[in-house]
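Chains, contacts and geometry: an overview
So the chains spell out like this:
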Amino acid sequence: MLDDARLEEQAISKAAEIGLSSRIEQAEEINVEVRTDLWKILQGQADAVAIAGEGVVLQKDIRVQHMELSTNKIDINPFSALLGQVELNQPVQADARLVMSLEDLNRALNSDYVLNQAQFDLDVDGEKVNLEMQQMQLTLPGGNKMVFDGKVVLQGKGTTRQIAFHATARPRTRTEPVMLEMFNCTEGDGVSLEFTAALIQKVKELVNSAYIDLDKIALRVSNMEIQQEGILLQAQAFIRELPTMEQ
């Protein structure tokens with residue numbers, strides 16, 4: 001009986017791999033493991049689903065080099081599952097491991113999603129100053145540090161000016177939030193200490209917010225590990241729909 005159940009799991013998992021692969025033009029690799037049996041599938045249930053993929057696009061211009069998702073008991077569409085398409089009947093929570101290359105990270109930092117998030121008002125000694133990020137570039141020099149260079153437009157009291165900045169930060173760990181070590185202007189007239197304090201407080205709020213909310217998935221990052229050419233993110237994921245993948 002155990003061998004029969006395992007054969008059912010293998011058959012359903014293979015059908016799910018084929019189904020996901022048919023939804024994409026190219027993928028380096030995709031693996032799906034479904035822990036269930038035919039009777040549970042007919043009831044719209046699976047004990048667990050694990051997905052590993054390469055070149056996963058979570059949203060336009062936001063791509064991860066490698067992703068692993070694993071979740072416990074979930075509700076799925078039984079008819080779609082039998083056809084090899086694992087579709088969720090309702091959102092699920094999962095553990096996630098994401099590897100983003102430096103190229104992936106810089107594409108994401110300059111995506112519409114991130115740049116739209118990086119537009120906000122600051123209260124600088126009672127004066128409202130609007131900040132709009134224009135571009136960002138990340139480098140990983142070693143020493144467990146992230147270095148950001150970017151350009152922003154500031155608007156306040158009827159004036160508009162552009163400044164460039166250089167900032168160094170340490171990644172989030174399970175016990176510590178993202179830590180901003182240094183921030184200074186590299187172009188423009190510079191900014192006041194009051195502006196810098198207001199900006200640091202706003203950045204702290206943004207990077208320590210509960211979730212990164214994308215189209216199909218929301219992530220709460222619990223740990224970041226800087227690697228030679230990228231960053232490994234460990235997160236809790238709230239999945240609305242299984243993401244598409246491309247090379």
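Position numbers for residues count from 1 along each chain, tracking the sequence in the order it is written. Whole-chain, interface and lining totals are the exception, using all residues; otherwise, since this is a predicted model, local features are given only for residues with pLDDT of at least 70 and side-chain atom pairs are given and counted only at 80 or more. As a rule here, side-chain values come from all non-hydrogen atoms in the structure, and water together with hydrogens is ignored.

Aromatic ring pairs are reported here in terms of the distance separating the ring centres and the angle at which the planes meet. Centres within 6.5 Å make a pair out of two Phe, Tyr or Trp rings, where for Trp the six-membered ring is used; the pair is then stacked when the planes are under 30 degrees apart, edge-to-face when over 60, and tilted otherwise. Scanning all chains against the criterion turns up one aromatic pair. Seen from their ring centres, phenylalanine 165 and phenylalanine 183 are 5.7 Å apart, and the 25° between their planes marks the pair as stacked. Of the two residues, phenylalanine 165 sits in strand 10 (residues 159-170) while phenylalanine 183 sits in strand 11 (residues 179-187), which places them 18 residues apart along the sequence. The helix count covers DSSP runs of H or I at least four residues long, the strand count covers runs of E at least two residues long, and both are numbered beginning at the N terminus.

Within the fold, threonine 168 resides in strand 10. Exposure classes here rest on a 1.4 Å probe applied to the protein chains alone. A residue is buried below 20% of its type maximum, exposed above 50%, and partly exposed in between. Judged by its relative accessible area of 10%, threonine 168 falls in the buried class. Those residues in contact with threonine 168 that sit more than four places away from it in its chain are Lys145, Met146, Val147, Met179, Leu180, Glu181 and Met182. Should any heavy atoms of two residues lie within 4.5 Å, those residues are considered in contact.

Our next topic: the environment of histidine 166. Inspection of the secondary structure puts histidine 166 in strand 10. With residues up to four places along the chain from it excluded, the contact list for histidine 166 reads Val147, Phe148, Asp149, Met182, Phe183, Asn184 and Thr186. Contacts described as polar in this section are N or O atom pairs within 3.5 Å, which, within protein, must combine one atom able to donate a hydrogen with one able to accept it, while residues neighboring in sequence count only if both atoms come from side chains. In terms of polar contacts, histidine 166 uses its side chain to reach the side chain of aspartate 149, at 2.7 Å.

Quick look at the confidence of the model for the chain now. Close inspection of predicted coordinates is inappropriate in any region flagged by low pLDDT. Values of pLDDT, the confidence the predictor places in each residue, fall between 0 and 100. Looking at the chain as a whole, the pLDDT averages 77, with 71% of positions reaching at least 70. For the chain, strand 15 (residues 244-245) is the element with the lowest average pLDDT, namely 47, and helix 4 (residues 102-109) is the one with the highest, namely 95. Confidence over residues 1-5 falls short of pLDDT 50; this stretch has one contact with residues more than four positions distant or in other chains. This model gives residues 15-27 a pLDDT under 50, and the stretch forms 22 contacts once residues within four places in sequence are excluded.

Looking now at the sheet that holds strand 10. Paired strands, in this sense, are two strands between which DSSP finds at least two bridges. A sheet is described by the order of its strands in space; here five strands give the open sequence 7-8-9-10-11, paired in antiparallel fashion. In the strand order of this sheet, the two ends are held by strand 7 (119-124) and strand 11, each with one partner. Between one strand and the next, the sheet's axes are offset by a mean angle of 35°, whatever the strand orientation. Only the stretch in contact is used when a helix axis is fitted, and all axes are lines through C-alpha atoms; the angle between N-to-C directions ranges over 0 to 180 degrees. Taken strand by strand, helix 4 contacts strand 8 (127-142) and strand 9 (145-156), and its axis lies near 170° from that of strand 8.

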